[in-house]
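These are the residues of each chain, in order.
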Amino acid sequence: MLIAIFSAVESSARGRKPRRLAPGEWGGQHIRMNVGESSATIEYDCAHGQMNGPLVIDRRGRFDLKGTHSREHGGPIRQGESESSQPARYTGWTDGKRMTLTVTLTGARENIGTFNLTLGGSGRIFKCR
């Protein structure tokens, strides 16, 4: 009996497709995110970022993804100025309609912030001018 139960669990786990972040526009206070098939682009107040796929979540809706975070500044971008992209870690939870997202710079171990997003939300950001 125990062997039969183990085999059923093992085969259903192998046959199950990995769950992914729901594609589309997500938004919240100070953040807007567009989730595609294999990556997500993020706009914040005075910054932007990218999550690199696959954008897989576990059975509890948790995720831990790698990407980049780039700070922006007010005023014009000077000719020859390079983007200040840094490696970032995007962790959080989603139920498919709501999301909590924490952004951390991996090299400096600096917490950028925690954001609450809603699928279909337009987001409310204030860009540096």
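Residues numbered from 1 in each chain as written. Predicted model: local features only at pLDDT ≥ 70, side-chain atom pairs only at ≥ 80, totals over all residues. Heavy atoms only, no water.

Enquirer: Break down the side chain of His-69 for me, with residues and values.
Expert: Relative to the assigned elements, His-69 resides in strand β7 (residues 62-71). With sequence-adjacent residues up to four places away left out, His-69 is seen in contact with Tyr-44, Ala-47, His-48, Gly-49, Ser-84, Ser-85, Gln-86, Ala-88, Tyr-90, Val-103, Leu-105 and Ile-112. (Helix = DSSP H or I, 4+ residues; strand = E, 2+ residues; numbered from the N terminus. Contact = heavy atoms within 4.5 Å.)

Enquirer: Tell me what's going on with the packing of aromatic side chains, and back it up with residues and numbers.
Expert: If you walk through the whole model with that rule in mind, you get one aromatic pair. With a centroid separation of 5.6 Å and 40 degrees between ring planes, the pair formed by Tyr-44 and Phe-115 is classed as tilted. Remark: Phe-115 occurs in strand β10 (residues 110-119) and Tyr-44 occurs in strand β4 (residues 39-44); sequence separation between them is 71 residues. Residue class for Tyr-44 comes out buried when judged on its relative accessible area of 3%. A residue is classified by how much of its surface remains accessible, and Phe-115, at 11% relative accessible area, is buried. (Phe/Tyr/Trp six-rings, centres within 6.5 Å; stacked < 30°, edge-to-face > 60°. Buried < 20%, exposed > 50% of the residue type's maximum accessible area, 1.4 Å probe, protein only.)

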